[in-house]
Amino acid sequence: MRVLVGDDTAVQTRAEQSRIRTTRQPQCTVEVVSDSGEGAQKCGQTFGAVSAKMGNGVWTVEIIPAEIQPPPRSPAGASGNRIRIGEGVVTNWGDRTNVAIAFNEQVLLARHRLDAIEEDAILLVENMWATHKDEDIRAEWAAAMDELGQANYRIIEVPMEEECLTIVENARKGKNMFALGILCWIFDRDMEITREQIAHAFRKKDPEITERNHELLELGYSWADSHLDVRIDVTPGLSPENTLVMNGNQAIAYGAVAAGMDLAAMYPITPATSVSHQLGEMFYKFGGVVHQAEDEIAAVGVALGASYSGKVAFTITSGPGLALKTEFLGLSVMSEIPLVLVNVQRGGPSTGLPTKVEQSDLLAALFGQPGDAPHVVMAPATIEECFHSMITARRIAETFRTLVMVLTDANLATGVQPFPRPTLDPAWQGSLPDMSPVPEGKAPYDWDEETGLSRRFIPGTPGGMHTLTGLAHDENSKVAYASAINQKSSAMRSRKMAVLQSTLRPPVVHGPESGDLLIVGWGSTKGAIEEAVDRAREEGLSASSLHLRFLSPLEPGLKGIFGRFKKVMTVEINYSDDPDMPYITDENRRRGQLAWLLRAQTLVDVDCWTRVLGEPLQPGAIHDVIRANVSKGGAA
Amino acid sequence: MSLSCSSLLTPVDEDREFRLDDYEGARARWCPGCGDHSVLTAAQRLLVDEQLKPEETVFVSGIGCSSRFPHYMKTYGFHGLHGRALPVATGVKLNRPDLHVFVVMGDGDCVSIGAGHWVHATRYNVDMVAMMLDNNIYGLTKMQTSPTTPQGYKSNTQPQGSWLPALNPLEATLGITNASFVAQTAEWIPAHLFATLQAAYRHRGFAFVRVLQRCPVFTEDIYLDAVRNPEMIDMLTHPDGVELPESLRQIYTSEVRHDPKNLAAAREIAADTSRLRLGVLYRDESNPRYEETRHLPLHTAEDKIRILNEELDQYAV
């Protein structure tokens, strides 16, 4: 069906309001898409923030074009935001889009071709292209509208350009706020909160810009009011009190400060860099340093040098940077200098998918350092956990004199979600390292035979002088010439992981603690997996899930938990061979990275389902996997 | 910046006097006749002369023969990775400006595998002494060509002789923006070596010192002519650089007055490899030092929480 509005003949008036139909939905997914640089992201982010402030659950995902400056009006250039809002907590980006607003038909076509749009979706599209003076553009418009017309969408043409030109000279700069006004009308957003949010977003610019944007917002709202006939009610059901809304990279940055870390060394890399943007501003107030090093190797070297000389420092990177830092990471382990490394995972190998999500660095993070280099690997599952993981990571690094890697991903990095505001505790910042004089006879690696723990002597400590070395060394940090020393020091470094594991609680199963199928996940997929499990359980399928935060050491009790399920499988965003592909056998099948690890550690025949589509997993897709696997198990 | 540990130090023997053996660590295991011994002695003498507290002094090195250096000191030492001494030292000094930081690198370390760090450490101009012990060869791994190996010099990796003209570390360093101290000295002239290291230590900023040195096993002959004929060496002297110690005046008669402020002249001297030039080529203390530029006042844990809460307010719903 196609509804043409925007021309005089189809204008509705407020008198006809009775014709406006409001549908109540428990959750709804909205997309704002444009060419890069037209502000769709700001529109989407603002819509998400306003919804969160009103008490809706929110999860936003950025739609990022693969190119820096893609040609205008090209499907490859689709840029913007997907915002899923709900009555209650929203833990993932959902399945398909219900409402999309697009600044040209080509970017909309791109989303359609990616199967990102729900079949009965409402699509609002700028219609200036229909009558464009360029014949080619008119032809493109017609072809695209034909293709979109094949589907069962409700397409609404919007004269964005024409309307915006009544307020601004360059409509390209104003359409996003006009679009926001339309969305605000459809979803009945609180306009006062929206105006505040816009003022905040443009706080660093000329106040006139805020004023202009407010006018555009109102214009969009009133245009919708007089032209549209459908409103969607996603009733805010959460108390927005004491809630923060931010993305995962911001949460990492604030978590680092709350953890008392004040030196971050980094080299720009997508999608990790925005952590340092955040820190660059914040540290100016807190008295820390973000050192932008000459390369990834220098970045970790500076962090390690800083850690060595005092409080734990950290470095931030993504896959290719992790590879470059490898040698220093081994040194951190060997010399037992605490260090925190954040790896915001993206698609790989090599340059891979720089802006897109993947969970393919797990094995590299665990085993990427030549030699035996036991260290801690953690993976926050939510944006809230991104914040708290930094506090835990710093504390573990310091206590265990070890390297702690925190693996997030592009989904967490750029996703925005509300979470309970943490009550900050000064104890999270840790204390300054012990610099009291070293008692006679104490050695720089006075390993406790039982735990492998020892006190760290940092420069400035009287009596603690020694030369730290990456060579195999004894208790006194002397280069080891006796073979037994390397055996012992390796055991001491390894022991610390077991000691840490002994302090961890067994993971909590989502759903019943036994049954037909257990899905195991890690990192940003938690929300989608649990939503899928819940849907399956509503259908009567016997499925539960488990989400791991510690990958090294693994959380305790896994073998016992796995034993209570007929089948265990991981769901991950990394590559694995599908078992029915040519040449693939049970013996040569390359499995998901967590599956690989769990099989090795538990001897349980853990299966996996993984995808590398450069996007977060959809709960619907996981739901299908659960259906297929539970019925295979002959249950339900 | 991040923590001012100097204020936490327990004052132990504030007026204790340090002697040479207070700085002597393990017995050096370099080959007899290795130039590294001479540099080690000069460094230990410097620490005595400056009365640096061993616990407040850090020697950072990379990998190679010369990088064993910290083990033979009784200060804090960091024997890290090949080519990566400078980032580590930068991290130490950024976090702890109160420490005295010395870096010991070989030629492979500094101008080959660590070349990027050398360029940028020069530009950061963090206050430290960076010694490049240049024996023109890879010694520890048994005679492979290094960037400073003279053209035509035979090695295990280039048995027909080094294919390329040797890299000129002085000329290159002087080409880097914000370079603040560039000097050259030689291990076989201990008095000059000491005076140069002292000038480097007293310079506030990144002090790059190339120490010409022979490897008794692989490049014994490399500076033989200059060792035998002191007249082949021009001594660059100036009150703002190093003056020729009295003991050397009789031997090194070719003294060239060179004002280390004169960058153009320094570059000219560095580029002309027809003669060996020892002394301070360039020195300018007015260049910004990174650790000072980046220094920000400390906040207490409570202060940080207050500021953090203000920050988080921006994200409050």
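Residues numbered from 1 in each chain as written. Chains lettered and ligands numbered in written order. Predicted model: local features only at pLDDT ≥ 70, side-chain atom pairs only at ≥ 80, totals over all residues. Heavy atoms only, no water.

What follows deals with the domain arrangement of chain A. Many analyses report the size of an interface as the accessible area lost when the parts associate. All names here are of chain A. Here chain A is described as being made up of domain 1 (2–241), domain 2 (244–429) and domain 3 (515–632). On the side of domain 2, eleven residues touch domain 1, which itself brings eleven residues to the contact. It is W59, T60 and I64 in domain 1 that bury the most area against domain 2; as a group they hold 49% of the surface buried on that side. Across the salt bridge formed by E281 and K204, the nearest N and O atoms sit 3.1 Å from each other. Summed over the shared surface of domain 1 and domain 2, the number is four residue pairs in polar contact (both at pLDDT 80 or more). Residue contributions to the side of domain 1 that touches domain 2 peak at five residues, all from strand 4 (residues 57–63). (Domains from an automatic or database assignment. Contact = heavy atoms within 4.5 Å. Buried area = accessible area lost by both parts, 1.4 Å probe. Salt bridge = Lys/Arg side-chain N within 4 Å of Asp/Glu carboxyl O. Polar contact = N/O pair within 3.5 Å; in protein donor to acceptor, adjacent residues only side chain to side chain. Helix = DSSP H or I, 4+ residues; strand = E, 2+ residues; numbered from the N terminus.)

Let us look at the packing of helix 2 (residues 105–113) of chain A against helix 3 (residues 135–150) of chain A. Residue and element names in this part refer to chain A. Between helix 2 and helix 3, the shortest axis-to-axis distance is 10 Å and the interhelical angle comes to 30°. Judged by the inter-axis angle, helix 2 sits roughly parallel to helix 3. The interaxial crossing formed by helix 2 with helix 3 has left-handed handedness. Packed against helix 2, whose contacting residues are E105, Q106, L108, L109, H112 and R113, the element helix 3 presents E140, W141, A144, M145, E147 and L148 at the interface. (Axes fitted to C-alpha atoms, helices over the stretch in contact; angles between N-to-C directions. Parallel < 35°, antiparallel > 145°, perpendicular 65-115°, else oblique. Left-handed = near helix turned anticlockwise from the far one by under 90°.)

In this section: the packing of aromatic side chains. Scanning the entire structure with this criterion turns up 15 aromatic pairs over all chains. Plain terms: the ring middles of A:Y308 and B:F78 are 4.9 Å apart, the flat faces sit at 85° to each other, and that makes the pair edge-to-face. Of this pair, A:Y308 sits in helix 10 (residues 296–308) while B:F78 sits in strand 2 (residues 76–79), on two different chains. Neither A:Y308 nor B:F78 differs from the other in exposure class; each is buried. Members of the aromatic cluster, connected to one another through ring pairs, are B:W30, B:F59, B:F69, B:Y72, B:F102 and B:Y201. (Phe/Tyr/Trp six-rings, centres within 6.5 Å; stacked < 30°, edge-to-face > 60°. Buried < 20%, exposed > 50% of the residue type's maximum accessible area, 1.4 Å probe, protein only.)

Turning our eyes to something else, we now look at the pattern of salt bridges. Under the counting rule described, the total for this entry stands at 60 salt bridges over all chains. Among the salt bridges present, the one from A:D95 reaches A:R535, with a minimum N-O distance of 3.0 Å. Residue A:D95 is located in the loop between strand 5 (79–86) and strand 6 (97–102), and its partner A:R535 is located in helix 16 (residues 526–538); the two are separated by 440 residues in the primary sequence. Owing to a relative accessible area of 24%, A:R535 belongs among the partly exposed residues under this scheme. The residue B:K304 makes a salt bridge to A:D262 at a minimum N-O spacing of 3.2 Å. Of this pair, B:K304 sits in helix 11 (residues 301–313) while A:D262 sits in the loop between helix 8 (248–258) and strand 11 (263–266), placing the two residues on different chains. Using a relative accessible area of 5% as the deciding quantity, one classes B:K304 as buried. Of the residues examined, A:D262 reaches a relative accessible area of 5% and is grouped as buried. Salt bridges here are not isolated pairs; linked through shared partners, they connect B:E243, B:E246, B:R249, B:E255 and B:R257.

The subject of this paragraph is the sheet that holds strand 23 (residues 607–610) of chain A. Backbone hydrogen bonds hold the strands of a sheet together, and the pairing may be parallel or antiparallel. Residues and elements named next belong to chain A. With parallel pairing, four strands are arranged side by side in an open sheet as 20-19-22-23. Among the strands making up the open sheet, the edge pair consists of strand 20 (543–548) and strand 23. When strand polarity is set aside, the average angle formed by the axes of neighbouring strands in this sheet is 25°. As paired elements, strand 22 (residues 565–572) and strand 23 share four bridges and run parallel to each other. Residue pairing across strands places M569 opposite D607, the latter belonging to strand 23. Relative to strand 22, helix 18 (residues 593–602) is tilted by about 140°, and along the sheet it contacts strand 19 (515–522), strand 20, strand 22 and strand 23. (Pairing = 2+ DSSP bridges.)

Attention now goes to the pairing of strand 2 of chain B. Regular strands place side chains that alternate from one sheet face to the opposite one. Side chains of strand 2 of chain B alternate between two faces, with B:Y76 and B:F78 and B:G77 and B:H79 buried alike. Relative to strand 2 of chain B, strand 18 (residues 467–469) of chain A is paired through three bridges, and the arrangement is parallel. Note that in strand 2 of chain B the partner of A:T469 across the bridge is B:H79. In this structure, strand 1 (residues 57–61) of chain B lies alongside strand 2 of chain B, joined through four bridges in parallel fashion. Counterpart to B:S61 in the pairing with strand 2 of chain B is B:H79.

In this complex, chain B contributes 57 residues to the contact, which on the side of chain A involves 73 residues. A buried area of about 5700 Å², summed over both sides, lies between chain B and chain A, and 64% of it is on carbon and sulfur atoms. If you sort the residues of chain B by the area they bury against chain A, B:Y76, B:Y315 and B:V317 come out on top, with a joint share of 14%. Across the contact surface, chain B and chain A share three salt bridges. Taken together, chain B and chain A are joined by 30 residue pairs in polar contact (both at pLDDT 80 or more). Looking at the side of chain B that touches chain A, the element that brings in the most residues is helix 11 of chain B, giving ten residues. For the side of chain B that touches chain A, the residue count by class is 29 nonpolar, 17 polar and eleven charged. (Nonpolar A, V, L, I, M, F, W, Y, C, P; charged D, E, K, R; others polar.)

The side-chain alternation of strand 23 of chain A yields two buried faces, one formed by A:D607 and A:W609 and the other by A:C608 and A:T610. Of the crossover connections in this fold, the one passing from strand 22 of chain A over helix 18 of chain A to the parallel strand 23 of chain A is right-handed. (Right-handed = clockwise from strand over helix to strand, strands pointing away.)

Moving on to the sheet that holds strand 13 (residues 314–317) of chain A. All names here are of chain A. In space, the seven strands of this open sheet follow the order 12-11-13-14-16-15-21, with mixed pairing throughout. Of all strands in the sheet, those with a lone pairing partner are strand 12 (289–292) and strand 21 (550–552), marking the two edges. Put simply, the sheet's adjacent strands are angled 20° from each other on average, direction ignored. Pairing geometry for strand 14 (residues 339–345) and strand 16 (residues 403–409), over seven bridges, is parallel. Note that in strand 16 the partner of L339 across the bridge is L403.

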